[in-house]
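# Structure assessment
The primary structure of each chain is shown beneath.
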There are 2 protein chains.
Amino acid sequence: MAVRTRSPERREDALSRERIVAAAVELLDDAGESGLTFRALAARLRTGPGAIYWHVANKSELLIAATDAVLIPATVPGVAGETPRDAIRAVALGVFDAIDVHPWAGTQLSRTPAQPALLRIFERVGRQVQALGVPAAGQFTAASAVLHYILGVAQQNAALARSQEPGTDRTAVLEAAAAVWSGLDAEEYPFTRGVADQLRDHDDREQFLAGIDLILTGMSGPR
Amino acid sequence: MAVRTRSPERREDALSRERIVAAAVELLDDAGESGLTFRALAARLRTGPGAIYWHVANKSELLIAATDAVLIPATVPGVAGETPRDAIRAVALGVFDAIDVHPWAGTQLSRTPAQPALLRIFERVGRQVQALGVPAAGQFTAASAVLHYILGVAQQNAALARSQEPGTDRTAVLEAAAAVWSGLDAEEYPFTRGVADQLRDHDDREQFLAGIDLILTGMSGPR
DNA sequence: ACCTGAACACCGTTCAAGT
DNA sequence: ACCTGAACACCGTTCAAGT
């Protein structure tokens, strides 16, 4: 006797919140932030723009969900036995790498104060600051400093990526920025011109970590 | 004999780049980022939307100019005899205060890599890092860390302000954020919940400076 | 319950026509 | 040289109508 399945077999191409968010991530990666429109998204999902609104309230919610999705790997629980310092570095690098692959997420991450990914990052950093032995009164300041630094870099990398074609690799992006710096007025911008070459050659991932270390060192107080 | 003036008396209400940028700043302050449209701007200037394009290339250029305008006070040359540390704190505070008054500028500041205000801030910070005696190899990293931290805070304050009505004062904005944090799940967000009260009461300007100090302390190396 | 797609109320930007 | 405002090619979002 044939048994009726409780939940009927879903059509392969049935719409769902997950499929919509996944398609949005693809579209953002391929075409950049301006590429995500409900019409383009609907075309990719072989439906009309109105259908998307059955599963997602509006574009803002869609962007929050897409950002959250690509930042999940950055906020997975850390390895057991990790030092607080390594844990903070791991979260920071996770965010950095996610934004390297999905530059648009760097902009979105700090656009909405209630972005869940942002809260997860802050919580993780905060706990590690606690574990580091920072006095209670200084924990909020220390965790905020790390968070804001991460957000600043994320934002900056997103802006840099936006100034080039989507998919341009990081060395080409840095090269373009270095060219601008090198062309600045020598009288007015001696420092910036002076470091233009470093911008061209440097490992920005390495420098990002060095900045984290600067803050972590600062937390242990003046020598 | 009547003398012809070389440049004819300008009509009081003649359009100019300066008047357009000033009106854009007003509109952004009054109505937020979504309030700046060419139609609304044209109405305020008692002209048609097309007229604006004679003086400004497009909306992006207008936003860059508006952001630049409100950040001029933050990048004026410092007081003579100032220590490098005080000079860095002064620039940072200047940016912080400008964004307090014009939250939209916090978003714009890091949206375009070639935003002139951003370059001026970086140059100023960089020179002071140099004056602080940071070894050449570490100057770029140190200046970048300070810049990114400032941008992160600017962005975050802009996002917070955007979540409320334009013109809402800072304590009300912080109160709203604290309410969200207090409502978080106790199991998942112990740290964030724990600092919610500090968010409500704290002087965020003070905390911003404390973060700057953390980085400055870190620059002088581990104790 | 879920999807369709035309329609609405906007945008930024262009451009022929005016002064 | 500068301004006007209608028109173009888009948007996000809604909603009556379908299945």
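Fair warning: this is a prediction, and the values are worked out from it, not measured in the lab.

What follows concerns the UniProt feature "DNA-binding region" (unreviewed entry) in chain A. UniProt feature "DNA-binding region" (unreviewed entry): in the numbering of this structure it lies at residues 37–56 of chain A. Helix and strand shares over residues 37–56 of chain A are 55% and 0% respectively, and the end C-alpha atoms of the span are 13 Å apart.

For DNA strand C, the set of nearby residues contains 16 residues, the closest of which are Thr47, Gly50 and His55 of chain A together with Arg39 and Lys59 of chain B. Among the atoms of DNA strand C lying within 4 Å of the protein, the sugar-phosphate backbone contributes 50%. At 3.5 Å from a phosphate oxygen of DNA strand C is found a main-chain nitrogen or oxygen belonging to Leu36 of chain B. Between Lys59 of chain B and DNA strand C, the recorded distance is 2.7 Å, taken from a side-chain N or O atom to a phosphate oxygen. Within the residue set of the surface near DNA strand C, elements represented by two or more residues are helix H3 (49–52) of chain A together with helix H2 (38–44) of chain B. Here the surface near DNA strand C is built from residues that sort into 6 nonpolar, 7 polar and 3 charged.

Take the protein's contact with DNA strand D next. Around DNA strand D lies a shell of 16 residues, among which Arg39 and Lys59 of chain A together with Thr47, Gly50 and His55 of chain B are the nearest. Of everything in DNA strand D that lies within 4 Å of the protein, sugar and phosphate atoms constitute 49%. Here a phosphate oxygen of DNA strand D sits 2.7 Å away from a polar atom, N or O, in the side chain of Lys59 of chain A. Those elements that provide at least two residues to the surface near DNA strand D are helix H2 (38–44) of chain A together with helix H3 (49–52) of chain B.

It is worth spelling out the packing of helix H5 (residues 84–101) of chain A against helix H8 (residues 136–162) of chain A at this point. Residue and element names in this part refer to chain A. At a minimum axis distance of 10 Å, the contact between H5 and H8 shows a crossing angle of 20°. Regarding the angle of H5 to H8, the classification is roughly parallel. Crossing hand, H5 versus H8: right-handed. Across from Ile88, Ala92, Val95, Phe96 and Ile99 in H5, the residues of H8 making contact are Val146, Ile150, Val153, Ala154 and Asn157.

The rules we used
Counting restarts for each chain, with residues numbered from 1 along the sequence as it is written. The naming scheme follows written order: chains are lettered A onward, ligands numbered 1 onward. Only residues with pLDDT of at least 70 are given local features in this predicted model, and only at 80 or more are side-chain atom pairs given and counted; all residues enter the totals for whole chains, interfaces and linings. Side-chain figures throughout are based on the complete set of non-hydrogen atoms in the structure, without hydrogens or water. UniProt positions are given in the numbering used here, feature names are shortened, and annotations may be inferred rather than shown by experiment. In this text, helices come from DSSP runs of H or I with a minimum length of four residues, and strands from runs of E with a minimum of two, each type numbered from the N-terminal end. Neighbouring residues are identified by heavy atoms, a residue being near a molecule or strand if any of them is within 4 Å of it. Between N or O atoms, a polar contact is any pair within 3.5 Å; within protein, one atom must be a potential hydrogen donor and the other a potential acceptor, and residues adjacent in sequence are included only when both atoms are from side chains. Throughout, the ten residues Ala, Val, Leu, Ile, Met, Phe, Trp, Tyr, Cys and Pro are labelled nonpolar, Asp, Glu, Lys and Arg are labelled charged, and all others, Gly among them, are labelled polar. To get an axis, a line is fitted to the C-alpha atoms, and for a helix only the part in contact is used. The angle between two axes follows their N-to-C directions and goes from 0 to 180 degrees. In these notes the angle categories are as follows: under 35 degrees is roughly parallel, over 145 is roughly antiparallel, 65 to 115 is roughly perpendicular, and the rest is oblique. It is the rotation of the near helix from the far one that decides the hand of a crossing: anticlockwise by less than a right angle makes it left-handed, clockwise makes it right-handed. Should any heavy atoms of two residues lie within 4.5 Å, those residues are considered in contact.

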